[in-house]
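Listed below, chain by chain, are the residues.
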Protein chains: 2
Amino acid sequence: MTSRADWAEKHLRYTFRDPALLERALTHRSASRDNNERLEYLGDSYLSFVTARRLYDSRPLADEGDLSRARAALVRQATLASVGQRLQLDAQVILGPGELRSGGAQRVAILADAVEALIGAVLLDGGAAAAESLIDLLFAEEIANLPDAAALKDPKTRLQEWLQGRGYKLPSYSVQSVSGRDHEQTFVVNCTVEEKDAHTNGQGSSRRHAEQEAAAAMLSVLIGEP
Amino acid sequence: MTSRADWAEKHLRYTFRDPALLERALTHRSASRDNNERLEYLGDSYLSFVTARRLYDSRPLADEGDLSRARAALVRQATLASVGQRLQLDAQVILGPGELRSGGAQRVAILADAVEALIGAVLLDGGAAAAESLIDLLFAEEIANLPDAAALKDPKTRLQEWLQGRGYKLPSYSVQSVSGRDHEQTFVVNCTVEEKDAHTNGQGSSRRHAEQEAAAAMLSVLIGEP
């Protein structure tokens, strides 16, 4: 048995009938034309469905907006990459010479894509039930630790709902300054809640990001949210 | 048997064990808090996976970009709504008084959402295999009639690839005029392929749309594409 198959048995608790599928799932496009991109596409869609189903079953009172946000948090690149790290995928992915040299930059994307490709490969090799078991194995921790619906909303939405719930007017946002060159601009935005005479600033690479930062600061002023 | 159950047997070729699920799948949020939004969320994710799988199997040479575009064409609102029309869903959806009065405006969205909710309901009622059969029944025509990968790319991409494939330089786009008030602007954009001394115009409600129109016109000039 190859070391790759050993790794799959240990970390995925799955034995591939077709070892070529396992190898393809681990092959980044920098290494070969026979790479994991199609498997990633397939795995991504199955992961998306299975997490939707788990959330649907486990959160009977959540509306579809809450369910969508919860799923987005589960299947986002950073979460997938951290699953990949737990699997010690770093030592298994097959990269071309360019990627090997460049190191870190693409790491998160490469790990995330490989996790999805592995799900696709198990789906083809062992069927839907096997792939579902793999998803439950890999994401059990993430699903259990998912924040509740409110915390998954962005700061502007949370601030708006908090204010509306108490009969206050909506906050106002205004751009204070824009600095830096064309594609490296920094925005500073002010958030004001008049009735509370509260003012906060936020900074970011886009107006939207700066507004979210200012809203987060305002939540922390108003209700001590970290 | 209710007329709704008759309808499902005839058009979905499926008999619900739990008729309440069928009713919920047809209930728009304007009619009841017990509506089809959660089922739509679930059905959407399953439809997305099953179409991904069908495309993966039927287009072995397509890369993941081609597969993504093909899927997007299949599961977009207009396609779902036309499936709903074929099912005569209009007569089955349960709407609140406001929606009944307002008529057409929301029609497409309501039909599309109900199609997804029906898939979710069959998934819960009869399992994955039953929902898969339903998707194959409803979308067989759409999958068979899907244009090939090239045609699913937008005109700017097709034009760029056509020019690059022949060693020509990229086209240039320039805004010729912007007219109309703030939220009803009309852009006119010129597309030029210097080496061919070819110039076309496109018009649209955004710069991007106008550029796509100009690129489509250029394709038609250069290769007679309709």
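Residues numbered from 1 in each chain as written. Chains lettered and ligands numbered in written order. Predicted model: local features only at pLDDT ≥ 70, side-chain atom pairs only at ≥ 80, totals over all residues.

**Thoughts on the overall build of chain A**
Threshold: Helix and strand labels come from DSSP, where a helix needs a run of H or I of at least four residues and a strand needs a run of E of at least two; each type is numbered from the N terminus. C-alpha atoms define the radius of gyration in this analysis, and the globule rule sets the expected value at 2.2 Å times the number of residues to the power 0.38. Exposure criterion: with C-beta atoms placed from backbone coordinates, a residue whose C-beta has 20 or more other C-beta atoms within 10 Å is buried, one with 12 or fewer is exposed, and one in between is partly exposed.
A tally of helices and strands in chain A yields eleven helices and three strands. If you list the helices and strands of chain A from N to C, you get α-α-α-α-α-α-α-α-α-α-β-β-β-α. In terms of C-alpha radius of gyration, chain A reaches 22 Å, well past the compact-globule figure of 17 Å for 226 residues. A principal-axis box enclosing the C-alpha atoms of chain A has dimensions of 70 × 45 × 25 Å. When each of the 226 residues of chain A is scored for burial, the buried share is 38%.

**Notes on the nonpolar core**
Using the following cut-off: We call a set of buried Ala, Val, Leu, Ile, Met, Phe, Trp, Tyr and Cys residues a nonpolar core when their C-beta atoms link them within 7 Å. What counts as a contact here is a pair of residues whose C-beta atoms, placed from the backbone, lie within 7 Å.
Counting residues in each nonpolar core, the largest one holds 91 residues, and the members touching the most others are Ala114 and Ile119 of chain A together with Ala114 and Ile119 of chain B. Among residues more than four places away in sequence, those in contact with Ile119 of chain A are Gly43, Tyr46, Leu47, Ala131, Leu134 and Ile135 of chain A.

**What about the interface of chain A and chain B?**
Quick note on the threshold: Side-chain classes follow a simple rule in which Ala, Val, Leu, Ile, Met, Phe, Trp, Tyr, Cys and Pro form the nonpolar group, Asp, Glu, Lys and Arg form the charged group, and the remainder, Gly included, forms the polar group.
Facing the 17 residues of chain A at the interface are 17 residues of chain B. With twelve residues, the top contributor of residues to the side of chain A that touches chain B is helix 3 (residues 37-58) of chain A. Residue classes in the side of chain A that touches chain B are distributed as eight nonpolar, three polar and six charged.

**Focus: the packing of helix 3 of chain A against helix 3 (residues 37-58) of chain B**
Stated precisely, the cut-off is as follows: Note on geometry: axes are C-alpha line fits, over the in-contact stretch for helices, and angles between N-to-C directions span 0 to 180 degrees. Each angle receives one of four descriptions, namely roughly parallel if under 35 degrees, roughly antiparallel if over 145, roughly perpendicular if within 65 to 115, and oblique otherwise. Crossing handedness is read from the near helix: turned anticlockwise from the far helix by less than a right angle, it gives a left-handed crossing, and turned clockwise, a right-handed one.
Packing of helix 3 of chain A against helix 3 of chain B leaves a shortest axis separation of 9 Å and a crossing angle of 160°. The angle between the axes of helix 3 of chain A and helix 3 of chain B places the two elements in the roughly antiparallel class. Here the hand of the crossing between helix 3 of chain A and helix 3 of chain B comes out left-handed. Across the interface between the two elements, Arg38, Tyr41, Leu42, Ser45, Tyr46, Ser48, Phe49, Ala52, Arg53 and Tyr56 of chain A of helix 3 of chain A pack against Arg38, Tyr41, Leu42, Ser45, Tyr46, Ser48, Phe49, Ala52, Arg53 and Tyr56 of chain B of helix 3 of chain B. The residue inventory of the contact of helix 3 of chain A with helix 3 of chain B, partitioned by class, reads twelve nonpolar, four polar and four charged.

**Topic: the relation of the copies chain A and chain B**
To keep it simple, the criterion reads: Only residues with pLDDT of at least 70 in both copies count here: their C-alpha atoms drive the least-squares fit that superposes the copies.
Of the transformation placing chain A onto chain B, the axial shift is 0.2 Å and the rotation is 179°, giving an RMSD of 0.4 Å. Taken together, the rotation angle and the small translation identify this as a two-fold axis. The rotation axis passes nearest to the C-alpha of Phe49 of chain A in chain A, at a distance of 3.2 Å. Comparing contact sets, 100% of the residues at the interface of chain A also lie at the interface in chain B, consistent with an isologous, same-surface contact.

**Observations regarding the sheet that holds strand 1 (residues 172-179) of chain A**
All names here are of chain A. Basically, it comes down to this: Should DSSP find at least two bridges between two strands, the strands are regarded as paired.
Taken together, the three strands give an open sheet; going across it, the order is 1-2-3, and neighbouring strands pair in antiparallel fashion. Strands at the two margins of the open sheet, each flanked by one partner only, are strand 1 and strand 3 (198-204). Strand after strand, the sheet turns through a mean of 20° between neighbouring axes, direction not considered. As paired elements, strand 2 (residues 186-193) and strand 3 share seven bridges and run antiparallel to each other. Bridge pairing in strand 3 places Val188 opposite Gln203.

**Concerning the domain arrangement of chain A**
Just so we agree on the cut-off: An automatic or database domain assignment provides the domain bounds reported here.
When its domains are assigned, chain A resolves into domain 1 (3-149) and domain 2 (155-223). Placing a centre on the C-alpha atoms of domain 1 of chain A and another on those of domain 2 of chain A gives a separation of 35 Å.

**What about the sheet that holds strand 1 (residues 172-179) of chain B?**
Residues and elements named next belong to chain B. The antiparallel open sheet is built from three strands, whose spatial order is 1-2-3. Every interior strand has two partners, whereas the edge strands, strand 1 and strand 3 (198-204), have only one. Neighbour to neighbour, the strand axes of the sheet diverge by 20° on average, direction disregarded. One ladder, built from seven bridges, connects strand 1 with strand 2 (residues 186-193); its direction is antiparallel. Bridge pairing in strand 2 places Ser177 opposite Val188. Along the sheet face, helix 11 (residues 207-223) touches strand 1, strand 2 and strand 3 and points at about 145° away from the line of strand 3.

**What about the packing of helix 7 (residues 107-126) of chain A against helix 8 (residues 128-144) of chain A?**
Residues and elements named next belong to chain A. Interhelical geometry of helix 7 versus helix 8 gives an angle of 150° and a closest axis separation of 7 Å. Classified by the angle between their axes, helix 7 and helix 8 sit roughly antiparallel to one another. Note that helix 7 runs across helix 8; the crossing there is right-handed. Two secondary-structure elements touch here, helix 7 through Ile119, Val122, Leu123 and Gly126 and helix 8 through Ala128, Ala130, Ala131, Leu134 and Ile135. Its residues assigned to classes, the contact of helix 7 with helix 8 comprises eight nonpolar, one polar and no charged.

**Considerations on the pairing of strand 1 of chain A**
When you tally the buried positions in strand 1 of chain A, you get zero out of eight residues, a small fraction of the element. The loop that links strand 1 of chain A with its antiparallel partner strand 2 of chain A comprises six residues; one of these, Gly180 of chain A, has a positive phi angle of about 95°.

**Concerning the environment of Arg86 of chain B**
Relative to the elements of secondary structure, Arg86 of chain B occurs in helix 5 (residues 77-86). C-alpha separation for the pair Arg86 of chain B and Arg207 of chain B, spaced 121 residues apart in sequence, amounts to 35 Å.

**Observations regarding unusual backbone geometry**
Although it is not a glycine, Gln88 of chain A sits at a positive phi angle of roughly 55°. By the secondary structure assignment, Gln88 of chain A is in the loop between helix 5 (77-86) and helix 6 (97-102).

**Observations concerning the environment of Phe49 of chain B**
Relative to the assigned elements, Phe49 of chain B resides in helix 3. Each C-alpha atom of the pair Phe49 of chain B and Ala121 of chain B lies 16 Å from the other, and the pair is 72 residues apart in sequence. With near-sequence residues (within four places) excluded, Phe49 of chain B lies in contact with Ser45, Tyr46, Ser48 and Phe49 of chain A.

**Digging into helix 11 of chain B**
Owing to its 3.6 residues per turn, the α-helix brings residues three or four apart onto one side. Residues and elements named next belong to chain B. Heads up, the rule is: Expected helix span is taken as 1.5 Å per residue step, with the number of steps being one fewer than the number of residues.
Counted at 1.5 Å a residue, the expected span for helix 11 with its 17 residues is 24 Å, and the 24 Å between its end C-alpha atoms agrees. Turning to helix 11, its buried residues are Ala210, Glu211, Gln212, Glu213, Ala214, Ala215, Ala216, Ala217 and Met218. At its buried positions, helix 11 is contacted by helix 10 (155-165), strand 1, strand 2 and strand 3.

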